[in-house]
Structures are given as structure tokens and as C-alpha cells.
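# Coordinates in review
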Amino acid sequence: MHFSLAVCVLTMLAFLIIQASAQENHSDLCMHGCPSGSPATNDIIIRDIYILSSNDSTKFADWVAYRVTKDTIGQTQKRTWRADSRLADDETLEPKDYDGAFAALKTDRGHQAPLASFTATPSWKATNYLSNITPQKSELNQGPWKRLEDEVRTLAKKPDTNAVYVITGPLYEREMPVLPKADESHKVPSGYWKIISTEKNDIIKVAAFLFDQETERSAKFCEKRFITSVRTIESKTGLNFFHALPEKEQEELETGPPSLLADLRCTQ
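All of the points below concern the structure found in this document. The residue numbers shown here count from 1 along each chain, following its written sequence. Where local features are concerned, this predicted model is filtered to residues with pLDDT of at least 70; where side-chain atom pairs are given and counted, the filter is 80 or more; whole-chain, interface and lining totals use all residues. The basis for every side-chain value is the complete set of non-hydrogen atoms in the structure, without hydrogens or water.

### A word on the overall build of the protein
Tallying secondary structure elements over the protein gives six helices and nine strands in all. Note on classification: 1.4 Å probe, protein chains only; a residue is buried when its accessible area is under 20% of the maximum for its type, exposed when over 50%, partly exposed between these limits. Considering the protein as a whole, with its 268 residues, one finds that 51% of them fall into the buried category. Note on contacts: a residue pair qualifies if any of its non-hydrogen atoms lie within 4.5 Å across the two residues. The contacts of the protein with a sequence gap of at least 6 include a subset with a gap of at least 24, amounting to 67%. Residue-level accessible areas treat just the shown protein chains as cover; the underlying method is Shrake-Rupley with a 1.4 Å probe. As presented, the protein carries roughly 13,200 Å² of accessible surface, and 53% of it is formed by carbon and sulfur atoms. Secondary structure elements are defined from DSSP: runs of H or I of at least 4 residues count as helices, runs of E of at least 2 residues count as strands, and each element is numbered from the N terminus.

### Considerations on the state of the cysteines
Two cysteine sulfurs form a disulfide in these notes if their separation is within 2.5 Å. Within this structure, the stated rule accounts for two disulfides. In this model, Cys 30 is linked to Cys 34 through a disulfide, with the two sulfur atoms separated by 1.9 Å. Sign of the S-S torsion, about 90° for the bond between Cys 30 and Cys 34, identifies this disulfide as right-handed. Note on accessibility: Cys 30 and Cys 34 belong to one class, buried.

### Quick word on the environment of Trp 193
Considering the arrangement of structural elements, one finds Trp 193 in strand S7 (residues 191–200). Along the backbone, Trp 193 and Leu 171 are 22 residues apart, and their C-alpha atoms lie at a distance of 7.2 Å. Think of a polar contact as two N or O atoms within 3.5 Å of one another; within protein, one of them needs to be a possible hydrogen donor and the other a possible acceptor, and neighboring residues in sequence only count if both atoms come from side chains. Here Pro 170 takes part through its backbone oxygen, which lies 3.3 Å from a polar atom of the side chain of Trp 193.

### Regarding the nonpolar core
Definition of nonpolar core: a set of buried residues of the types Ala, Val, Leu, Ile, Met, Phe, Trp, Tyr and Cys, connected through side-chain atoms within 4.5 Å. Counting 34 residues, the largest nonpolar core has Tyr 50, Tyr 66, Ile 196, Phe 209, Phe 211 and Leu 264 as the members making the most contacts within it. For this core, the elements supplying multiple residues, two or more each, are strand S2 (50–54), strand S3 (61–68), helix H4 (144–156), strand S6 (164–171), S7 and strand S8 (203–212). Looking at which element gives the most residues to this core, the answer is H4, with five residues. Setting aside residues no more than four positions away along its own chain, Tyr 50 makes contact with Leu 29, Ile 45, Val 64, Ala 65, Tyr 66, Ala 113, Ala 126, Thr 127, Tyr 129, Ser 131 and Asn 132. In this structure, Trp 63, Val 206, Leu 239 and Leu 253 belong to the second largest nonpolar core, which totals 24 residues.

### A word on the packing of helix H5 (residues 230–237) against helix H6 (residues 247–255)
Running from N to C, H5 and H6 point in directions that differ by 90°, and their axes come no closer than 5 Å. When the axes of H5 and H6 are compared, the pair comes out roughly perpendicular. The segment H5 lies against H6, with Val 230, Arg 231 and Glu 234 engaging Gln 250, Glu 251, Leu 253, Glu 254 and Thr 255. Its residues assigned to classes, the contact of H5 with H6 comprises two nonpolar, two polar and four charged. A fitted line through C-alpha atoms serves as each axis, taken over the contacting stretch for helices, and the angle formed by two N-to-C directions is quoted from 0 to 180°. Relative orientations are named as follows: roughly parallel for angles under 35 degrees, roughly antiparallel for angles over 145 degrees, roughly perpendicular for angles from 65 to 115 degrees, and oblique for any other angle. Any residue outside Ala, Val, Leu, Ile, Met, Phe, Trp, Tyr, Cys, Pro, Asp, Glu, Lys and Arg is labelled polar, Gly included; the first ten of those are nonpolar and the last four are charged.

What follows is the structure, given as C-alpha cells:
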């Protein structure tokens, strides 16, 4: 009797875990559905300017989704780093955990949803919460990663652009040195991905990029080695994008030509 009850309870728990991991998140900040496929233990944090899925194990977001328009971009604001109060102390890092990181690892506090894209909004300070930050090599953060974010803002400011949607996140394809002063276990990314999309008159354009942590500052984000497909990012991360679209349209975006490259001033 007790054995049967235990089996029943375990079965129910397994079912709930599967259901939770299959949940789909829908937000106006995501084009045709926010990514699905993160662990059921992740915390989904929804703010006015971004939505993210925070991973308890790595202490960083598996993905961050946001939407940039000409109205969200304003003047420069300062960076004041803070732990995210929506997460428990053992689920995220604190500002002191980054002490000595640049000297030891040559990393910056790298925004996933960039501060500069939201300085005209009342919620811009939320970009400085550490749930939106990862240890990103300075060469990458201040080089091609920044230039790609700049280009997204340039595109968002164009008169015929309604909004630019971005989903971005880390990769863990090899072991990386950890932050020397952090007192929580964590996992430093070995690279990053970014999916950028627009939609106008029911025509969706997409471009996808992959960057290794060791990417040099002088690299151009338009280089062929960084351009990839949505399907490739899905295979590397286990996430599913644009899942609210009909299956055929979703597959076309996942595998089709990255048609937004020209809008980002990349040439094939």
C-alpha cells in the first residue's frame, strides 16, 4: 500500500515537472512566443522592458528577451549594480561577487538587455540587476557585442521600423574559470548567442549570431564565422523559439536565410 502510494506520488511529481518544463511564456516583449525549453526550476522574471529565465544552477539567465523602439532609447545613464530582489540569495550573484573579476579574468559585467536601449524608459535601472548580467570578456563586450547592440538601436530608430525584438543568452560549451570572489557556485559562459527579428506587413525578418567568449575586440559582427541560424542556436541551447507560429512558418524562420542581415548593414 505504502509502495503504491509512493509510486503514485513520484509519478505525479514527474508529470508536474514535465508540464512545468513544457510551459510556454507569452509576452509582448517576445515575437511569437518567448523561448521554451529551460529547466522547470528556472525563475521567470517579467519586467516592463525585458523578460528573462534565471537558472538556479548557473546563477545567470538562460535567455533574456526585449523589444527596442525609437521611444525606448534616450540619454546615457549610470550603472549601479544590484542583486535582483526577486531572486533568493542563493539563486543569483551580488555585486561583491564581481570584485577582482577584471584583473583575474578580463571580464566586464555584461548586460544581456542593454542599458543604452532603455534609457528613455522609467525602468532603465532594472537593466543593472545582476540577473541581467553575466561575466563577459571585455574584448567581446566592448567590441563586436557592443557594435551589434548599437546597430540594433540604429535599426530601431529608422522611420519604417516598428520595433526590433531581441533574444539573447549564454552558451556553456566548455569549462571556464569562475569569478574569484564569488561565494556562490556558478558557471561562467563560454560564449553567447543573439537572435534579432522584425515584423512588418506580416513579413518576419531574422538574423542570428554566435560569439565565443574569446572573440577579439576588433572583430566585426557581420563576419561569416558569427552568423548562424535559429535552428543551430536551438540545438546548442535546447530552447525553442517562435513556437507560437504555425509549424511551417516556424521552420522557415529556424532554417531559412537570415534576411535581416541587410537591415543590420551586413553583406553576404
